Structure formats: structure tokens, C-alpha cells
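Notes for the structure review
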Amino acid sequence: MTGTPTWYDEGIQHIWLPYTQMKTATPPLPVKATSGVRITLDDGRELIDGISSWWAAAHGYNHPHILDAMKAQLDAMPHVMFGGLVHEQALKLSSRLAAMLPGDLNRCFIAESGSVSVEVAMKMAAQYFMNRGERRTKFVHFRGTYHGDTLGTMAVCDPEEGMHGMFKGMLAENLLTDLPRDAEGAERFAAFLKVNAPDVAAVITEPLVQGAGGMVFHTPETLQWIRQACDAAGVLMIVDEIFTGFYRTGTCFAIDQAGIVPDMVTLSKALSGGVAPLSVCVARDTIFDAFYDDDPMKALMHGPTYMAHALGCAAANASLDLFEREDYEAKAEAIQHQMMAELAPCGFLDNVKSVRVKGAIGVVQLEDASMIEALKPKFVAEGVWIRPFRDIVYLTPPLIIEPADLTKLTGSIYKVLSEA
């Protein structure tokens, strides 16, 4: 790359980038600033962000309400250990999330990354049974799912379709099966779970959308069938709302569309508005009660150094303010209708397999995945930041995006694919 700043030329020799074969990959673009739905590159070019910084920047970039809240918290207390001490931002956030979530999902364990929140949920599930005198060490997970890149979460991703197949033998062996997508599949799943229940602590699933697995959708009935099977088999249910939470699928949480109460829910990404690393595992009262005991060995022995990071919690509380003050469900619905109309013409292109939209997620699936890498610089040339992967070109725009900017995104997809 020519004309790059000094900090780029010096630092690129020492950085290790994510999901990247650094020997062959196109060099990353140096970013100078962000604002609203735009990313400004060091050379002055502006890109409309079509994926919300990996689905997190729901309110766009540099939202003044979030930044003001963080500045105030920075002056008062950016962080303090959460062992033996608590602070207002964390307790306020926990109370608000408990009020937002259905049923008795009332106990919040606040960590940093989404992967950690899933690890915590899995640990809670296994110890829940240990504290009751049972040893259940297996988790049921589904083909096409992704829950993170840490050792525990890799073990509940799809080992065949995912990125972690080479670690087989190193990872815990869990139980992989198909999502129940119809009544017959629901019966098979219920039977499968019943047979394996003595070894299973929990079933873990992504609700309504398998994100990193290719933005594959399923119906609310799938979640209902899983909940029913878990109840019948005496197995816990973990729902990973890290991607789907906070209106990405249209409702505040994807589980709202199914009317179910999981035993644990994991949240991250849009939780803090995409501004600070933060995640939460929220557990039902019944889960917490299994740890609430005179026996110190029944406590949950887990505690990240930056647990309940005060600065991140301040950002999250400000993010929740915005979700409460404005009708984000209406925003997601408007985005859905616009993407359905404007992406539909892509379905007539020769290299397109299908087009699908759910909430503020738009997907164009290609017949030929080999062209994906070649598409990336073409989108940049159009003035948009769209990051296709596997065999899909997708949009998860900030929920505050204006119609004209969304049209630029959808129009760029049609133009680039029609010329490919």
C-alpha cells in the first residue's frame, strides 16, 4: 500500500490481524476517524459502514450521548476491581437488563468479550448440576453455529463448517446435531436430547440467525421446540444473543419473537453501542439459587480482571438510554422493508443463489464463493464498507442509518455483483 502514514508503516510489521492469512491478504485500510455511519480513511476517503463494526455499532459511531457518559465516568472512575467492591454503573446496568429480559432472567455476570460470556454460561450450566450432585459435562450444539474463538466456545461451534476443525482432539467433545426446523425435526431432536440427557448440562443455540455460520435464518418455532425438549429432558438452555440482541432481528431480543425464557442469555456487541468491550451472561433465579449456599465450594469461581468495567458499563447504560428513548423496533422494521425492496433485484443476477432479509440483516448468497475476496476492494471503490465472507455478501447497518445511505449500500451490492 502506498501513501500510508508512518504509524501504519512502522506498526503493521508487528501486528497480528484477526481471521487473516497475513502472507497473502490484502493489506488493511488505515482509519483516521469515524462519525455516524461513516468511516474516514487516512487518505480522506469516506466509507458508509454496512456492517456496524462486526454488528456492534447499533447507534452509529461517536454518538454524543454515549461519549458524554463515558467522559463523565472517565473523570470519576474508569475502573475498579469487582472483587469485594461494586459500583453504580454495574448495578444500574444489571437492574435494567433484568427488567428488559423476560421471566426471571435476573442475575448478571458482567465480563468483557462475548466469548467470555458464553464460557461463563457453560461453566454455570455445568456447575449448576455439580452443585446438585450430578456431573454433566456435555453440551448440545448445532450444525452451522458459532459462539466464539476461545477453547470452550470453539468446542460448541460447528467443527465441520466452522474455523476450528484443526483443533479436534484438543477441544472438549460435545454433541453436535441439526437444528429442529420442522415438526419432524423437533421430534428427532427431543428424542436425541432425552437419550443423551444424563450427560448434558445444556443446549446452546443462536436465536433466529446463525451469524458467522452464513447468516442462516430459522423461525421462532425452532426456539420453542428446543425449549420444550430441554424442559422434557431436564436440560438447561443457553441462548447466545451476542449478535441478535438489541433489535438486530427486529425485536429487542430474538427470544421475544419466540416467547421463551432461556436459562441463560449472553449479550455483547450492541450492548455498549460498539464503543467499549463488554458482555453479560444473564441467568435465571433458579440457576443462581443452585450456587447460593453456605458451602464456599458451591460459589461460581470466575472473575475477569476487568469484570464489570466501569467505563464499559457507563457506555452500556448510555446505549440502553438510546434504545429506550427512540423506537428502535420501528427503525429495524424500516431497514427491513427497504432492504427487502432494494436487494430483491440481486436475486435475478446469474451468480446469486438467494436473497433473504430478517430485521436489520440483509443477505445475498452467491453461487460461487471463490469470488468473495475479489469483491472486497470493489466495495471500497464504491465508497462502502461491506465485508463479505464464506459465500455471502451481507448488510447489518447501524440502526440509525438514513434511507439514502442504506440505498447506497444496497445499490453498491447490486452494482458490484452485476459486474462481477
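About the thresholds
Residues numbered from 1 in each chain as written. Predicted model: local features only at pLDDT ≥ 70, side-chain atom pairs only at ≥ 80, totals over all residues. Heavy atoms only, no water. Pairing = 2+ DSSP bridges. Helix = DSSP H or I, 4+ residues; strand = E, 2+ residues; numbered from the N terminus. Buried < 20%, exposed > 50% of the residue type's maximum accessible area, 1.4 Å probe, protein only. UniProt positions renumbered as here; feature names shortened; annotations may be inferred. Contact = heavy atoms within 4.5 Å. Polar contact = N/O pair within 3.5 Å; in protein donor to acceptor, adjacent residues only side chain to side chain. Domains from an automatic or database assignment. Buried area = accessible area lost by both parts, 1.4 Å probe. Salt bridge = Lys/Arg side-chain N within 4 Å of Asp/Glu carboxyl O. Nonpolar A, V, L, I, M, F, W, Y, C, P; charged D, E, K, R; others polar. Core = buried A, V, L, I, M, F, W, Y, C linked by side-chain atoms within 4.5 Å. Axes fitted to C-alpha atoms, helices over the stretch in contact; angles between N-to-C directions. Parallel < 35°, antiparallel > 145°, perpendicular 65-115°, else oblique. Left-handed = near helix turned anticlockwise from the far one by under 90°. Phe/Tyr/Trp six-rings, centres within 6.5 Å; stacked < 30°, edge-to-face > 60°.

With respect to the sheet that holds strand β3 (residues 46–49)
On the basis of which strands lie adjacent, the open sheet formed by four strands has the order β1-β2-β3-β15 and mixed pairing. In the strand order of this sheet, the two ends are held by β1 (31–35) and β15 (384–385), each with one partner. Relative to β15, β3 runs parallel, the two sharing two bridges. Among the inter-strand pairings, isoleucine 48 is bridged to a residue of β15, identified as valine 384.

Some words on the pairing of strand β11 (residues 264–267)
A two-sided burial pattern is seen for β11, the buried positions comprising Met264 and Thr266 on one face and Val265 and Leu267 on the other. Pairing of strand β10 (residues 236–240) with β11, which is carried by three bridges, proceeds in the parallel orientation. The residue of β11 that forms the bridge with valine 239 is valine 265. Two strands pair when backbone bridges link them, and β11 and strand β12 (residues 279–284) are joined in this way by four bridges, in the antiparallel orientation. Across the sheet, the residue bridging to leucine 267 is valine 280, located in β12.

Comments concerning the UniProt feature "binding site: substrate" (unreviewed entry) in the protein chain
Those places that UniProt annotates as "binding site: substrate" (unreviewed entry) correspond, in this numbering, to Trp54, Tyr146, Lys269, Gly303 and Arg387. Of the residues just listed, which span 334 residues, the most distant C-alpha pair is 34.1 Å apart, and they do not cluster in one region. Residue placement: tryptophan 54 occurs in helix α2 (residues 52–55). With near-sequence residues (within four places) excluded, tryptophan 54 lies in contact with Pro18, Tyr19 and Lys269. Within the secondary structure layout, tyrosine 146 lies in the loop between β5 (138–142) and α6 (151–154). A polar contact of 3.1 Å, which involves the side chain of tyrosine 146, links it to the side chain of tyrosine 19.

Side note on the domain arrangement of the protein chain
If you check the domain split of the protein chain, you get domain 1 (6–62 + 327–419) and domain 2 (77–325). Taking the mean C-alpha position of each, domain 1 and domain 2 sit 27 Å from one another. Domain 1 puts 27 residues into the contact, and the matching count from domain 2 is 29 residues. Between domain 1 and domain 2, a total of about 2400 Å² is buried, with carbon and sulfur atoms accounting for 63% of that surface. There are zero salt bridges connecting domain 1 and domain 2. Remark: the boundary between domain 1 and domain 2 carries 10 residue pairs in polar contact (both at pLDDT 80 or more). Residue classes in the side of domain 1 that touches domain 2 are distributed as 17 nonpolar, five polar and five charged.

Overview of the nonpolar core
If you look at the biggest cluster of nonpolar residues, it comprises 117 residues, and the most contacted ones within it are Leu193, Phe246 and Ile413. Each of domain 1 (6–62 + 327–419) and domain 2 (77–325) gives at least three residues to this core. Core analysis: the second largest hydrophobic core is formed by six residues, Ile39, Leu41, Ala57 and Val380 among them.

Digging into the packing of helix α13 (residues 372–381) against helix α14 (residues 403–419)
Across the interface, α13 lies against α14 with an axial gap of 10 Å and an inter-helix angle of 130 degrees. Relative to α14, α13 is oriented oblique. Handedness of the crossing formed by α13 with α14: right-handed. Contacts between α13 and α14 involve Leu375, Lys378 and Phe379 from the first element and Ser412, Ile413, Val416 and Leu417 from the second. Classifying every residue of the contact of α13 with α14 gives five nonpolar, one polar and one charged.

Focus on the side chain of glutamine 365
Within the secondary structure, glutamine 365 is located in strand β14 (residues 361–366). Only 3.0 Å separates the side chain of glutamine 365 from the side chain of aspartate 391, close enough to count as a polar contact. In this structure glutamine 365 touches Val352, Lys353, Ser354, Arg356, Asp391 and Ile392, once residues within four positions along its chain are discounted.

Let's talk about the sheet that holds β5
The seven strands lie next to each other as β4-β12-β11-β10-β7-β5-β6, forming an open sheet whose pairing is mixed. What marks the edges here is a single partner per strand, and that holds for β4 (105–111) and β6 (175–177). Along the sheet, successive strands turn relative to each other by an average axial angle of 20 degrees, direction set aside. Helix α4 (residues 88–100) contacts β4, β11 and β12 of the sheet and is inclined by roughly 140 degrees relative to β4.

Looking at the packing of aromatic side chains
To describe a pair of aromatic rings, one takes the distance between the centres and the angle between the planes. Inspection of every chain in the model, using the stated rule, returns 13 aromatic pairs. Their ring planes at 70 degrees and their centres at 6.1 Å tell us that tryptophan 7 and tyrosine 8 sit as a pair that is edge-to-face. You can call tryptophan 7 partly exposed: its relative accessible area is 48%. Centre to centre, the rings of phenylalanine 323 and tyrosine 328 are 4.9 Å apart; their planes meet at 70 degrees, and the pair counts as edge-to-face. Residue classification places phenylalanine 323 among the buried residues on the basis of a relative accessible area of 4%. Here tyrosine 328 falls in the buried class, since its relative accessible area comes to 1%. An aromatic cluster of three or more residues is present, and its members are Phe246, Tyr247, Phe253, Phe323 and Tyr328.

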